[in-house]
Structure formats: structure tokens, C-alpha cells
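Read off the chains here:
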Amino acid sequence: MEKIKLNIALSGLNNIDSPGPGIPVTRGLKDSLLIDPKIIGLAYDNLEPGPYMHELIDKTYKVPYPSDGVEPLLDRIRYIHEKEHIDVLIPNFDSELFTFMKSERTLKEMGIRTFLPTLQQFEERHKSNLPQFGEKYGVKVPYSEPIGSIMDFRKIEDKFEYPVVVKGKFYDAYIAYDFEQVGIYFNKIAAKWGLPIVIQEFVKGTEVNVVALGDGNGNTIGAVPMRKTYITDKGKGWGGITLEDPVMLELTHKIISQTKWRGGMELELIRTSDNELYMIEINPRLPAWVYLAVAAGQNLPEALVMLAMEMPVKPFSHYEVGKMFIRYSYDMICDLKEFEQLSTKGEL
Amino acid sequence: MTKLIFERPIIQRINAGLPSKYGMAHKLEPISHIDNVSIKSLMDSYGSPLFIISESTIRKTYKNAFRAFSSRYPKVQFAWSYKTNYLNAVCNVFHQEGSWAEVVSGFEYDKAIANGVPGELIIFNGPDKSRQDLEKAIKNGSLIHIDHFDELYEIISLSKEIEERPKVAIRVNMDTGIYPRWDRFGFNYENGEAWDALNRIMANKKLDLLGLHTHIGTYMMSTDAYKIAATKLASLAVRLEQKHGHVLQYIDMGGGFASKNTLRGAYYPGTDTTPSFDDFAEAITSAFMSSEIKPDNLPLLILENGRALIDDAGYLAGTVLANKRLADGRRATIIDAGVNILFTAFWYEHDIRPVEPVSEQTEDTTIYGPLCMNIDVIRGNVMFPLLKKGDHYVIRRVGAYNNTQWLQFISMRPNVVMIDSKGEPHLIRKNETLETINSQELTPEHLKNFDL
Amino acid sequence: MLKIKKNIAISDSGFVFDPGTGDSYSLNPTGLEIVQMIKSGKSFEEIFQDFATKYEVEEEAFEKYYYDFTTTLKQLRLTEPNGED
Ligand SMILES: Cc1ncc(COP(=O)(O)O)c(C=O)c1O
């Protein structure tokens, strides 16, 4: 069968020790039997490894940060589109998603397709909205309440048992064993990410994850559960193994069908000692370990592109259980000329 | 041959190792004109720095906001929040568009009266109303929004002396799911205090209860919070009708919509994250429409938005005083407007632009005001074009709270001009001079002379 | 006279590489012109003359920015330590 030629732009090329998903997504696309992709990298930094990995990334353009606003980013995408005729764009950074979701229609008018969650899906799954999310969709989540001051916590302290998890609105989480520690972490996180701070019940157990893809109509196109076998001090998986776990899959199907999730997602779950599953977080994109799913038989990046192209996609029904990944780092040798080109011309 | 524009030379380190704060630098487009009037020519005539207000932007913003509500709901009224900007010319543009006045002090009340606003179209809010203020407001038939029980009893006591019946509403505070919760103003919904206050007013036959009021906070980015607030107020209205057969004339949802400014520390710019008037209107009106209030009894919907209506119309233009290099090598640019006249620099990352054409080059710059104080920072760490001494800048979206919260400190407050819809500039507030300040001061006789 | 270190590589795009430290820098076009003139051994007066014919710039202003710029070059150790001072 003839492969379809597609120009695919994607970001998250920071394949460093806590990597973005750009390179793993690219590997999935390059493995595809249906698509012949030209990969156009979108980079924020001159030292992201992706732009220098020529066997995977065909051409790279630097782009302004989403924090500069929608317009500068769209201007740059327009420029890149003129040269490259982008068919599909896959943003892989959390911080980009909001901006690209807002620009979905404009991109579509330009002829660039995306396959992203809706703004409502995106907002609903924010950490500070987790309890409402759990209630609405009948999913077990750790009990949590936002607080605006440490005195607020005094008022609700009775509802919790130590330890508790002290979380920032977007990032950071610490385990606190007493009131004093809550105070310390409250101040630490508030100084960095602002208010409110979320106090969350600490659920003891094993962290397990699912990578999945929803078609936007409530169907799960693919889902692969995994347990991290080795976790770095930054909380990133250094190794992992696919699991046979009908309960996790059922939960994934339930979340996807009820939210009508569109696009990739990573579910972070905790399995307690009495074998109950709690949902800790939904990351609204494919995770950096997505290539494990590809290797286990579900090429989710390929399926995501096909969905974006509105081409028929058959849901995956199988994956190989016990497939492992071990992450490794590698010193790539690069040419200063290329660094110069990316940093002064913004293209490589 | 015409010569090229000279740009000052710079050399910058290319981020070596650590990911930098900035991706690909994007050019800050200069703003040379406001409503087709050259900013430079305005500064030539009226001095630097200079506040410039665009009348047509106010009218356009007002119409857009009003349409968002009136196209969804049968009865809508705006009341201009005086504290946000009480320059008379600004207030009167809003009054010409149809706004009532919303005031929070005796001073603001008198200002609205002096502008010609009929007493019965003034909403009197806030915890600070003296007995004299209340007496005047009752006699004028103004709408008094009661903040606390002490005020309620003051009004009840006045109602025994004055012939006119006081027209009142209560301010209600509540949990709308946002932090911080503004629970220091008005009566609380959840603990029953608001319901209690309403019952006491109903029990007193001398007061006319016309409405309910809330103002849930300022720079609100969540439309959901308004939906919750509208739902809670609607439920109070329904209970009043059920228990007392009393139909309210209006519900005042206050103000608070975020403007398109970017909050300090926010990741995304306000232009991307601020909900539109249509988003807010949808949240509020849908809550009323789907409430238990009978369709014939739908109350007038009042809004008191300040910043969302005026921020975009205000600009602050001025001149670069100097450039210097900080100890760590970063660039500092000193401009002639400080935080004393741009109070909002404390919470916004203001959009500051060059007035004259610039190249693509930018440098990590901290922009300082001219005051001899460390806190006088207009923008920390902004990728800014290479302006030179004497070049001009313009700061966008400064229409709200600056012309009311500015301080006379170290230097005088500058001129304010308004560009009318035909592009004519009008001086609407004169700059202060030494005489302005000294005319308020009295020096005791024995301190008038000294020998040095 | 001010001298740019011999081993400093400067490309036409304004990219500067210091092999001694491994740092790289970028110059804006004005900066690049000045550095190239310094490299070719021109004095401040000569450089100003060239600029004055090409750009709209007063000597006073130019001098200020020139010295601010060359001070930065010194701080970044891109110049010979025993040059002008
Ligand atoms: C009672 C009341 N109404 C309206 C406003 C206007 O608020 P904003 O400028 O946030 O719309 C305020 C401001 O504090 C207020 O206190």
C-alpha cells in the first residue's frame, strides 16, 4: 500500500533527562506503515536535542513562547506554513496546549489540522478542579480542598489525616507530615505559583499510568497501562513495563466515554493496597513514554495523525503485555555551525 | 542620500546550557498614533509624560459590552464605577452612552451630582456612608446598597425623620469558588445573614427593598463564578417572592470582569486568557433565565464594571531618560513615568511599546521609573527594543484606577488629554504645578522666615 | 588601542564564538559593523567618521553608545587585556 505523505509539525524536542514527548512521538510516526511523514520541529531553545537529530527531525524552526501570546505564535506558524505546508500540528508541551486550543479554528482555516482536547475538557481536569471532576464522572479521586492561606487550613484540618499532599495550582507537590510542614510547603509553593494551594489526601500505593487516545465521540482508540519500574529523583520514569489490567482499562474507557475526550492523554493513577484505583491527574497529551505503547502494538501517534486527517481509524484491541522500556542518555556530537544557524537564523 | 537610523550596538550571550526565559524573540510593534493622532505631537503640545484617553475606544467598548448583555436579556443597565476613573470627561462619556453612576463615598456621590446625574440614578455602595451622606441619598431617591447592620439601623432611624422612603438593596457576599473570597463587604449568603437582613427590611414597613447587589471581586477570569453568584442571588429573589410576595426590581451583579492586561506572574498574556463580554454575559444571563424567577418578574440586570470598560482606552506616553547597565550586566532603561502615576504597575505586566520605529533587536531590560525608590519598577525583565535617551514609549491599557489612585509624590501629576471621536485632542485635566500644591498649604507666621 | 582577541570567531551573521570559554554571542548589525572595524584596526575617530556618513547620529550620542558597547566587550573578555585602558 502506498504511504500517505504528510508534513507534520511538532514540539517537545527537549529529549533531555526529563524529556518532552516530541522525539518519542516522532519515532512512532517514522515507524508508521500508513504515513510517510516529513517532521518539522518547533523548538523554543537552541539546545533542545531534537533539531540536531537529523535522522528523525527533518527541519526545525524556532518559535516564540506561548507566554508571548497567541498572535506572535500564529505569525510564526504562518511563516513556517508558507514554506512547509503543514498538514498536522502536534503540540507536546503542557504550556502550549491552551494557546493552540484557542487557535484551533484559525489553524484549521490555514489548512493546519490538530487533534486536541476541547477547552472545557482541558479546564475541567485542572488539579484544583479534581474533586468536582471525580464527582461528575464517578471516578475515585483523593479528597482535596483549595486554601488561600495557612489559616484556611486550620479550619479544615480535621477533614484530613496526616500525611497530606500540598500541591501548587499547576506544578509542584510535597508530602507534609504535620501542620508546620504544611505551612512551610504552602509558603514555598505560593511564592512560586501563587494561590490557591491545593491540600490533597495522601493516597498510599503504587503509581500506575495509562497512555490513551480518545476520538472525541467517546470511543477509546487505544490504551496501554504501564507501571514505572524505576523512578528518578525528578519523578520521571526511567524504566517501565506494560501491564495486563482490565480494571485500569475499564476506568480509562469510562473517563474517555464520559468526557468524550479528544486527543492523547496520560492518566496518573494510584493503586492502593486494597486494590482500589485513585485518579491523581490527567495530562492532556501523549506522554514521553508513548513509544512503549508503539512497541507494544499500538501506534498511538500514527492514530492521532489519522484522526486529525479525518481518516478512518480502527480502535486497537491488543497490546503486548510485559513489554519493557529502559530510558538511556546519549551524548550526541553536534556541529557548532548548526548551533550558530539555529541561534541566529532561527531555522535548522 | 538619506541616512539610515542608528541603532545602538549590542552583544548578547546566547543561552549556553540553561533554557532561557525567552524563546524566539518577537518584535514589539511600535505604536506611533492613537486614533490617527501622532503621540509625539501630543507630547510636543501637552508635555511628557502624558495620559491619553481615546473617547472612541470607550464608546466602542461600552457598546460591545452592552450588546453582549442586551442581546441575551430583556432589561439591562450599566452604572459607571466612579472609583475606576472619575475624571469628569470620562464619566460623562459613559453617561452619554446611558450609564448611571456607581459611587462609594460622599465625595464620589457629590461628583456624580455635579456632573448632572439625577439622584435616583446613582447607586451608593460601600461601607463608608456618613449619616449626612445617607440623608442626602434618601432625599434624592438614590439607590442605597446596604453593607452592614449598623448601616441598616442608621437608615431605619433616618426613615423616621425623613419624609421620602429610603430605596435600598443589600450587598451579598458568597462563595463562588474563587480565592480570595471577598467576605468583608455586605451580608453573607451561606450563613443566612443575607436572608436575615432581607427579612428585617421586609419587616420594617418604612423601607423600599428594590434589589440585590453583589461584587464578587476584581480582575475575575472565571465566568463560572458569575454564574454561581447569579444563581444564588436569583434564589434569594425567589424566596422573597415566596415568603413575602415581594418582587424585586433589579439585581446588580457588580463589576470585576478582567481587562486584557496581564497580571504579574501570569504565564499567558491577558489578551489570551481574559473571557469576552459575551462569555460573561452568557454565564450571568443564562443563570437568571434558568432560575425559578417567573418570566414576567425578571429583574433589571445592573452591571458596575470598571476596568473592563476603561482600561483599553487609556495610554501613558513619555520619554526615555537614560539607559544604564546593572551590576549583573542587564540593561536598565529609566523612563519619566513612575509607579506614583502608574499605580497599576504593581499588579500588571503592562504592555509597553516604542513610539518610533525600531529594529527586530531586543534586549533583556528592566524598565524603571524616575523616583528615588527601589520599588519604582514599571516592568522587570522584558525583551525590549534598544531605545535611546529622548526616544518615546507608550504604555497601553492604563485607563483603570490610575487617574484615581495616582499620588503626588516627588513630582507632579501630568496632563490628561482625551482624543474625541473626530480626532481632536482636549485637555481634560491640567497638570499640577508648584502653585497647585502650595495653594493647599499654610505656613505658620513664625515659620515663614529663616536665615541660612 | 582596543583589540578583539585573535582567536574570537565572528561570522557574517553576527555570531561570535569564544573558543577560550566556549561561550557564544550574537551581535546586532550595528554591533557587528563596529566589531569588524575594530578588528581591522580602525580607531574610534575613524569608526565614527564611517558611521556619521552612513547613519543619522551625533558624535556625542555615538561616543556614549560606543563606549558602553566596548565596555561590555571588555566585561565579556572578548578584548585583549593589555589593549587600551
Ligand atoms: C462595588 C463595586 N462595584 C464595581 C467595582 C468596579 O470593579 P472593576 O473595575 O473590577 O470592574 C468595584 C471596584 O472595586 C466595586 O467595589
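Residues numbered from 1 in each chain as written. Chains lettered and ligands numbered in written order. Predicted model: local features only at pLDDT ≥ 70, side-chain atom pairs only at ≥ 80, totals over all residues. Heavy atoms only, no water.

Q: Can you walk me through the interface of chain C and chain A in this structure?
A: Many analyses report the size of an interface as the accessible area lost when the parts associate. Contact with chain C, which involves five residues of that partner, is made by six residues of chain A. Of the roughly 470 Å² buried between chain C and chain A, counting both surfaces, carbon and sulfur atoms make up 72%. Together, Ser13, Phe15 and Phe17 of chain C form the three largest contributors to the area buried by chain C at its contact with chain A, with a combined 76%. Our enumeration of links across chain C and chain A arrives at zero salt bridges. Looking at the side of chain C that touches chain A residue by residue, the classes come out as two nonpolar, three polar and no charged. (Contact = heavy atoms within 4.5 Å. Buried area = accessible area lost by both parts, 1.4 Å probe. Salt bridge = Lys/Arg side-chain N within 4 Å of Asp/Glu carboxyl O. Nonpolar A, V, L, I, M, F, W, Y, C, P; charged D, E, K, R; others polar.)

Q: Teacher, can you tell me more about the interface of chain C and chain B here?
A: Facing 28 residues of chain C, the contacting portion of chain B comprises 21 residues. When chain C packs against chain B, close to 2100 Å² is buried across both sides, 60% of that on carbon and sulfur atoms. The largest contributions to the chain C side of the interface with chain B come from Asn28, Tyr55 and Tyr65 of chain C, which together make up 28% of the buried area. Between chain C and chain B we count three salt bridges in total. A salt bridge links Arg13 of chain B to Asp23 of chain C; the shortest N-O distance between them is 2.7 Å. Put simply, chain C and chain B have twelve residue pairs in polar contact (both at pLDDT 80 or more) between them. Breaking the side of chain C that touches chain B down by element, the ones donating at least two residues are strand E3 (23-27), helix H1 (29-39), helix H2 (44-54), strand E4 (55-56) and helix H3 (59-75) of chain C. Residue contributions to the side of chain C that touches chain B peak at eight residues, all from H3 of chain C. Partitioning the side of chain C that touches chain B into residue classes produces 15 nonpolar, eight polar and five charged. (Polar contact = N/O pair within 3.5 Å; in protein donor to acceptor, adjacent residues only side chain to side chain. Helix = DSSP H or I, 4+ residues; strand = E, 2+ residues; numbered from the N terminus.)

Q: Help me understand the domain arrangement of chain B, please; the structure alone is not making it clear to me.
A: All names here are of chain B. Partitioning chain B into structural domains gives domain 1 (33-53 + 312-433) and domain 2 (56-311). Between the C-alpha centres of domain 1 and domain 2 the distance comes to 33 Å. Residue-level contacts link 27 residues of domain 1 with 25 residues of domain 2. When domain 1 packs against domain 2, close to 2300 Å² is buried across both sides, 52% of that on carbon and sulfur atoms. If you sort the residues of domain 1 by the area they bury against domain 2, Tyr348, Arg397 and Tyr401 come out on top, with a joint share of 27%. Taken together, the connections running from domain 1 to domain 2 amount to zero salt bridges. Across the side of domain 1 that touches domain 2, the residue classes break down as 15 nonpolar, six polar and six charged. (Domains from an automatic or database assignment.)

Q: Got a minute to help me understand the sheet that holds strand E1 (residues 4-10) of chain A in this structure?
A: Residues and elements named next belong to chain A. Taken in spatial order, the four strands of this open sheet run E3-E2-E1-E4, and their pairing is parallel. The sheet is open, and its two borders are formed by strand E3 (59-62) and strand E4 (88-90), each paired with just one other strand. The sheet shows a mean angle of 25° between the axes of neighbouring strands, taken without regard to direction. In the packing of helix H1 (residues 22-31) onto the sheet, contacts are made with E1, strand E2 (35-43) and E4, and the angle to E2 comes to roughly 165°. Seen against the sheet, helix H11 (residues 300-308) touches E1, E2 and E4 and runs at an angle of roughly 135° to E4. (Pairing = 2+ DSSP bridges. Axes fitted to C-alpha atoms, helices over the stretch in contact; angles between N-to-C directions.)

Q: Explain the environment of Leu300 of chain B here, please?
A: All names here are of chain B. Note that Leu300 resides in strand E14 (residues 300-303). Residue classification places Leu300 among the buried positions, given a relative accessible area of 19%. Spatially, the C-alpha atoms of Leu300 and Asp252 are 8.1 Å apart, while their sequence positions differ by 48 residues. Those residues within four positions of Leu300 in sequence are excluded, and the remaining contacts are Lys75, Val76, Gln77, Trp100, Gln249, Tyr250 and Ile251. (Buried < 20%, exposed > 50% of the residue type's maximum accessible area, 1.4 Å probe, protein only.)

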